[in-house]
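Structural features, examined
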Amino acid sequence: MLAIYLGVAIIAAGFVALLVVIVLAVGLVTHPIRTLALVFHKLAALAAGLALIAWFWTDHTKPDFVPCFWGSIGVIVASIIIRAFAEWILKRPTRAERRAMKRAAAQIYDRVDVYAGIGRR
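Conventions adopted
- As a convention, each chain's residues are numbered from 1 in the sequence order in which they are written.
- Since the coordinates come from a predicted model, pLDDT governs what is reported: local features require at least 70, and pairs of side-chain atoms require 80 or more to be given and counted, while whole-chain, interface and lining totals use all residues.
- The basis for every side-chain value is the complete set of non-hydrogen atoms in the structure, without hydrogens or water.
- Confidence scores per residue from the predictor, reported as pLDDT, run from 0 to 100.
- Numbering of helices and strands runs from the N terminus, with a helix taken as a DSSP run of H or I at least four residues long and a strand as a DSSP run of E at least two residues long.
- A pairing counts as a salt bridge when a side-chain nitrogen of Lys or Arg comes within 4 Å of a carboxyl oxygen of Asp or Glu.
- Only residues whose relative accessible area exceeds 30% and that take part in no salt bridge are eligible for patches, with like-charged residues grouped when within 9 Å of each other and nonpolar side chains (Val, Leu, Ile, Met, Phe, Trp, Tyr) grouped when within 5 Å.
- The Shrake-Rupley method, run with a 1.4 Å probe sphere, supplies the accessible areas, and residue values consider only the shown protein chains as cover.
- Three exposure classes are used, based on accessible area relative to the maximum for each residue type with a 1.4 Å probe and protein chains only: buried under 20%, partly exposed in between, and exposed over 50%.
- Here is the rule: rings of Phe, Tyr and Trp (six-membered ring for Trp) pair when centre to centre is within 6.5 Å. Planes less than 30 degrees apart are stacked, more than 60 are edge-to-face, and the remainder are tilted.

**Some remarks on the confidence of the model for the protein chain**
In regions of low pLDDT, the predicted coordinates are not meant to be interpreted in detail. Predicted confidence across the protein chain gives a mean pLDDT of 87, with 89% of residues reaching 70 or more. Here helix α4 (residues 95-110) stands out as the least confident element of the protein chain, with mean pLDDT 83; helix α1 (residues 2-30) is the most confident, with 94.

**Brief notes about the pattern of salt bridges**
Evaluated as defined, the whole model comprises one salt bridge. Here E87 makes a salt bridge to K91, at a shortest N to O gap of 3.9 Å. Separated by four residues within a single helix, E87 and K91 lie in helix α3 (residues 65-91), roughly one turn from each other.

**Focus on a nonpolar patch on the surface**
On the surface, L28, L36, F40, L43, L46, L50, I53, W57 and I82 cluster together into a nonpolar patch covering about 970 Å² of accessible area. In this fold, I82 is placed in helix α3. Accessibility expressed as a relative area gives 39% for I82, which makes it partly exposed.

**Focus on the packing of aromatic side chains**
Taken as a whole, this structure holds six aromatic pairs when the rule is applied. With a centroid separation of 6.5 Å and an interplanar angle of 35°, the aromatic rings of W55 and F65 are classed as tilted. Of the two residues, W55 is situated in helix α2 (residues 32-57) and F65 in helix α3; the sequence distance between them amounts to ten residues. Accessibility expressed as a relative area gives 16% for F65, which makes it buried. Here W55 falls in the partly exposed class, since its relative accessible area comes to 22%. Site record: aromatic cluster; members linked through ring pairs are W55, F56, F65, F69 and W70.

This is the structure in structure tokens:
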């Protein structure tokens, strides 16, 4: 019975990995900068989590604790910086969205307000 459960879990993990590869391939073709920012965002989070686990996992009484501590702190700080930059890239409007905002602003500015008689025309 355990073999069946493991087989189903392995097949499901393979299917999810295949979907991730397809999504990344499509994302890299359509929005390469945003896709790379998203990948770095996730990898930085994973690195920070692993550094935190490594720091707690290390025996604090051994002399090699100090390099592990500073290494973990360095990885966590670097991942925070990477995540902040990636978040800035992801939250920034795309070129198409900026064009649409300009077009919408121009339409609002050029329209005639029928009720108040206010407008450029």
